[in-house]
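One-letter residues, chain by chain:
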Amino acid sequence: MTITDRTIFRLRRAILLSFFALAGNSVPAKAPLYFVGSGTNDLYRTLAMNRIEVKRFGNLSEAIREIPAGAGLIVTANGYPDLRTTVAPEDYARIGRKHVRCYIEYPACIPGRELPAEPYEGRLERGVVSSDFFGGKLPPMSILGINGCSLIPMKAESALISYAKVAGFDKAQFGLTATEVRPLLILEGNRMVAATALTCFEQARFGPSDSWKQVWQSILGWITRDPSFVFEKFPVDPVPTYAATVPVGSEERRKAVERGAEWLWKARLFIHPSWETTEIGKYQPKNGDPNLFFGPPIRPDMLQGDGSRGVMEGHGSTVLHDGSQLYRYFIRADVQGETAFLLASAAELTGDEKYDRTAERLLDYLFYSSGFRGGARNHKDSSSYGLISWANTHPGTFFNDDNARCILGAIGASALMDNQRWNRLIVENILGNLRTCSRQGFQGNALDQKDIERNGWKYYRDRDYTNPHPHFESWMWACYLWLYDKTGYKPLLDKAREGIRITMEAYPDKWLSQNGIQQERARMILPLAWLVRVEDTPEHRAWLDKVASKLLESQVECGAIREELGNSTSDKNKILVTSNEAYGKNEAPLIAVNGDPVSDMLYTCNFSFFALNEAAHATGNSKYGEAVRKLADFLVRIQVESRAHPDIDGAWFRAFDYNRWDYWASNADNGWGAWCTLTGWIQSWIVSTETLVEKGQSYWEMTRNMNMKQAMKESLWMME
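This one's a predicted model, so the numbers in the text were calculated from it and none came from an experiment.

Calculation rules
- Residues numbered from 1 in each chain as written.
- Predicted model: local features only at pLDDT ≥ 70, side-chain atom pairs only at ≥ 80, totals over all residues.
- Heavy atoms only, no water.
- Helix = DSSP H or I, 4+ residues; strand = E, 2+ residues; numbered from the N terminus.
- Rg over C-alpha atoms; globule rule 2.2 N^0.38 Å.
- Buried < 20%, exposed > 50% of the residue type's maximum accessible area, 1.4 Å probe, protein only.
- Contact = heavy atoms within 4.5 Å.
- Areas by Shrake-Rupley, 256 points an atom, 1.4 Å probe, with all protein chains shown as cover.
- Lys, Arg positive; Asp, Glu negative; His and termini not counted.
- Charge placed at Lys NZ, Arg CZ, Asp CG, Glu CD.
- Axes fitted to C-alpha atoms, helices over the stretch in contact; angles between N-to-C directions.
- Parallel < 35°, antiparallel > 145°, perpendicular 65-115°, else oblique.
- Left-handed = near helix turned anticlockwise from the far one by under 90°.
- Nonpolar A, V, L, I, M, F, W, Y, C, P; charged D, E, K, R; others polar.
- Phe/Tyr/Trp six-rings, centres within 6.5 Å; stacked < 30°, edge-to-face > 60°.
- Lys NZ or Arg CZ within 6 Å of the ring centre and 35° of its normal.
- Polar contact = N/O pair within 3.5 Å; in protein donor to acceptor, adjacent residues only side chain to side chain.
- Salt bridge = Lys/Arg side-chain N within 4 Å of Asp/Glu carboxyl O.
- Core = buried A, V, L, I, M, F, W, Y, C linked by side-chain atoms within 4.5 Å.
- Pairing = 2+ DSSP bridges.

It is not clear to me how the overall build of the protein chain should be interpreted in this structure. Could you clarify?
Of regular secondary structure, the protein chain possesses 23 helices and 20 strands. For the protein chain, whose C-alpha radius of gyration is 29 Å, the value lies close to the compact-globule estimate of 27 Å for 720 residues. By its C-alpha atoms, the protein chain is 100 × 55 × 50 Å across when sized along the principal axes. Looking at the protein chain as a whole, 61% of its 720 residues are labelled buried. The long-range share in the protein chain, meaning contacts at least 24 apart out of those at least 6 apart in sequence, stands at 76%. When the accessible surface of the protein chain is totalled, it reaches about 27,000 Å², and 49% of it is carbon and sulfur. Within the protein chain, one finds 83 positive and 86 negative side-chain charges whose respective centroids are separated by 2 Å.

Below is the structure:
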């Protein structure tokens, strides 16, 4: 019979308690608690808000002098991550002689151990529960998020919590195999040592919050010898704006729209000429390294732009030890048009004219001063004329999907501002994409300007090519259908209808997907809804309902849409995290397996929200209307609220765990992780659709008075 470590631990504890009693050193059933550290420390504040009696000291020597035998002691890392906690060998000896149970974090020395001078700086690693110390609520292989981790490398035969790069949502999917494992929290006798600072759980935004509450209840239960120790209150920042069951009405929706727009200023995302070259230039991609998109937060002393030099993307998913996040310094065309739509929508609902003024400047930047339409893209004899480049660092790269969202944003902003001076540029872009798609209506994931100029646009128009990948193809079909409705130019309808037909015939087994099948369904709904607008046939309605109904099978009661992986055996482009080594290497979904209770605001909920609203208005189907209402309320509830970090207050993160009601998911995506924000893809489509929902309107109806016929007449030479 094998005696477990837990059994040995219990026996040793019983013997030790008996020894104390015999020796006359009575150990209290619930030991008093002594604390060394700052009064602003997260754990100390948590103890205070729970009315737990604790005596705090500014230095360890004083605490050791006063602490009675058998008490509990917490020693925190005040200078983390720059300074380690000083605990001298004689301090350890005095603590031991008093039979004190102590927790010490980030120590400069540990008796009998050699500790390297330099800490290990974690990046993709997470905490992994490696024992049954934390009870059934947090079993072994549970994952803990530890942001901004500086860790003292040390050796230990066993650990309560380990630190390793592991795949998985809330469990280490492949265990601790094929990955380097470092001890994070160890227990030796009456001494518990953390190799990093764990008491800064709120400041560093450790997650999931319910798991960290359990961690600290278990640690304090051990320190105080009170196995029933619980926190009634546990501080968390950021948090969702409302609880899952709070009713959402017009007031809450309007407030969410205003906060969603103001976030752009609070995050200081508008580029100012004074730092456009110096700061933006530092953090641009070199040699394809995606990490070079990221840089430090915009400082308060840096001037705020007015939109005339564009808007940044938002935050990366990396959270630092002080709770701040890295920013994305990549300047993309799509987010300019999308953010203009966001701002014009906010102006429509709030009446604040500054939003319209900023939106107008963004569209002028997009089409004129940015260079997105510069060079060959603005020469009428060029085969790439009218196309909009992906980013200012990639002037010769064209993503069909990015052009579509950019243009839909520009159309929406133009209609809301009743300002149609960009109509010709909008038409030229749609025709530029139409003439470079195949006979069947597909363009592919991306085109390169050098290839287009070498081959000529007619090569792309005349080729036979299909790509049943809605993420990349479908929203340009929506643009074709929208412009067909305004101009009657039949090739727009023909290419859109044929591309949609081929894609629907391939559904679902032959669909390609980027990060999961759910995201592809979300993207396909919009062109299907607008196809019903221009050709309302039973077949077209059936196509729409086939995709929308399947998507909505995963809408849960709170309104969230659960993510779903596709069929990896038939999907060449699927990126799944199939090992610990693969975690953080590529683009990746937020879930590990189907059924993980996660919704995605970057790829699914945002686009579903906009598209389902269009489907509901196009068909009058009450099922779609109810889904929109539930999704609208869900998104209002989960908008980020943060007292400590104004730059994320009013944003939406990519990931949300709707069971925990917390911002948590697998953070495996190498560029767009769980806590990223995005001015375009996320913020724009949520804010703009909330506005449409509040007004009881669709985008199709809202833009119906856009007069594109003259612009089309002036641009049809492109198709000759």
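Further notes follow.
Honestly, the packing of helix α9 (residues 333-350) against helix α21 (residues 679-695) in this entry has me stumped. Any pointers?
Direction vectors running N to C along α9 and α21 enclose 30°, while the axes themselves pass 8 Å from each other. As summarised for this structure, α9 and α21 are arranged roughly parallel, according to the angle between their axes. Relative to α21, the crossing made by α9 is left-handed. In this structure, α9 contributes Asp334, Val335, Glu338, Thr339, Phe341, Leu342, Ser345, Glu348 and Leu349 to the contact, and α21 contributes Thr679, Gly680, Trp681, Gln683, Ser684, Trp685, Val687, Ser688, Thr691, Glu694 and Lys695. Among the residues forming the contact of α9 with α21, the class breakdown is 7 nonpolar, 8 polar and 5 charged.

Is there a simple way to think about the packing of helix α6 (residues 250-266) against α9 in this case?
Packed helices, taken two at a time, are described by their axes: the angle between them and the distance between them. Orientation of α6 relative to α9, taken along the N-to-C sense of each, is 135°, at an axis distance of 10 Å. Comparing their axes, α9 and α6 come out oblique. You can see that α6 and α9 cross each other, and the crossing is left-handed. In this structure, α6 contributes Arg254, Val257, Glu258, Gly260, Ala261, Leu264 and Trp265 to the contact, and α9 contributes Thr339, Leu342, Leu343, Ala346, Leu349 and Thr350.

Explanation requested: the packing of aromatic side chains in the structure shown.
Each aromatic ring pair is characterised by the separation of its centres together with the angle its planes make. Taken as a whole and judged by the stated rule, the model has 38 aromatic pairs. Residues Phe133 and Phe134 carry aromatic rings whose centres are separated by 5.0 Å and whose planes lie at 85° to one another, so their mutual orientation is edge-to-face. Phe133 gets classed as buried once you look at its relative accessible area, which sits at 16%. Taken together, a centroid distance of 5.9 Å and an interplanar angle of 70° make the contact between Phe634 and Phe656 edge-to-face. Taken together, the residues span a long stretch of sequence, with Phe634 in helix α20 (residues 622-637) and Phe656 in strand β20 (residues 655-657) at a distance of 22 residues. Comparing Phe634 with Phe656 shows no difference in burial state: the two are buried. Grouped by ring-pair contacts, the aromatic residues Phe341, Trp475, Trp530, Tyr603, Phe607, Phe610, Trp681, Trp685, Tyr699 and Trp700 constitute a single cluster. Between Arg328 and the ring centre of Trp672, over which it is positioned, the NZ or CZ distance is 3.6 Å. The residue whose ring lies beneath Arg523 is Phe607, and the NZ or CZ to ring-centre distance is 4.0 Å.

So what exactly am I meant to see when it comes to helix α2 (residues 42-49) here?
Three or four residues apart is the spacing at which side chains of an α-helix point the same way, because the helix has 3.6 residues per turn. For α2, the set of buried residues is Asp42, Leu43, Tyr44, Thr46 and Leu47. Against β1 (33-36), β2 (54-57), β3 (72-75) and α5 (209-223) lie the buried residues of α2. With a side-chain oxygen lying 2.8 Å from the backbone nitrogen of Leu43, the N-terminal cap of α2 falls on Asn41. Looking one or two residues beyond α2, the residue adopting positive phi is Arg51, at roughly 60°.

Any chance you could explain the side chain of Thr224 here in plain terms?
Mapped onto the elements, Thr224 comes out in the loop between α5 and β12 (239-240). Note on Thr224: relative accessible area 6%, which makes it buried.

Sorry, what's going on with the pattern of salt bridges here?
Working definition: two side chains of opposite charge can pair if their charged atoms are close together. For the structure on display, the rule yields 54 salt bridges. Between Glu180 and Arg182 there is a salt bridge, and its shortest N-O distance comes to 3.1 Å. Here Asp210 makes a salt bridge to Arg660, at a shortest N to O gap of 3.1 Å. Placement of Asp210 in helix α5 and of Arg660 in the loop between β20 and α21 is noted, with a sequence separation of 450 residues between them. Members of the salt-bridge network, linked through shared partners, are Glu313, Arg328, Arg332, Asp334, Glu338, Asp401, Asp402, Arg405 and Arg523.

What exactly am I supposed to notice about the nonpolar core here?
Looking at soluble globular proteins, one finds that nonpolar side chains tend to be buried together. One finds Met312, Trp530, Phe634 and Tyr699 to be the most contacted residues of the largest nonpolar core, which totals 158 residues. Other than its neighbours up to four places away in sequence, Trp530 contacts Leu408, Ala478, Leu481, Trp482, Glu614, Tyr699 and Trp700. Of all hydrophobic cores here, the second largest spans 66 residues; its members include Tyr34, Phe35, Ala159 and Val193.

It is not clear to me how the sheet that holds strand β9 (residues 161-164) should be interpreted in this structure. Could you clarify?
The strands that make up a sheet pair up through hydrogen bonds in the backbone, lying either parallel or antiparallel. An order of β2-β1-β3-β4-β11-β10-β9-β6-β7 is seen for the 9 strands of this open sheet, with the pairing classed as mixed. Of all the strands in the sheet, the pair left with one neighbour each is β2 and β7 (143-144). Sheet topology places β1 next to β3; 4 bridges connect them, and they run parallel. The residue of β3 that forms the bridge with Leu33 is Gly72. Here α5 sits on the sheet and contacts β1, β3, β4 (101-105), β7, β9, β10 (182-188) and β11 (191-194); the angle it forms with β4, its principal contact strand, is near 135°.

Could you clarify how one ought to interpret the side chain of Ser642 in this entry?
Along the chain, the position of Ser642 falls in the loop between β19 (640-641) and β20. Side-chain polar atoms of Ser642 contact the backbone nitrogen of Ala644, separated by 3.5 Å. A polar side-chain atom of Ser642 sits 2.9 Å from the main-chain amide nitrogen of His645. Every residue in contact with Ser642, bar those within four places of it in the chain, is listed here: Asp237, Pro238, Ile648 and Asp649.

Explain the sheet that holds strand β13 (residues 294-295) to me, please; I cannot follow it from the model alone.
Within the open sheet, the 3 strands sit side by side as β13-β15-β14. Their pairing is antiparallel. Each of the sheet's edge strands pairs with one partner strand only, and the pair in question is β13 and β14 (314-319). Sheet analysis places β14 next to strand β15 (residues 325-328), joined by 3 bridges and oriented antiparallel. Across the sheet, His315 pairs through a bridge with Tyr327, a residue of β15.

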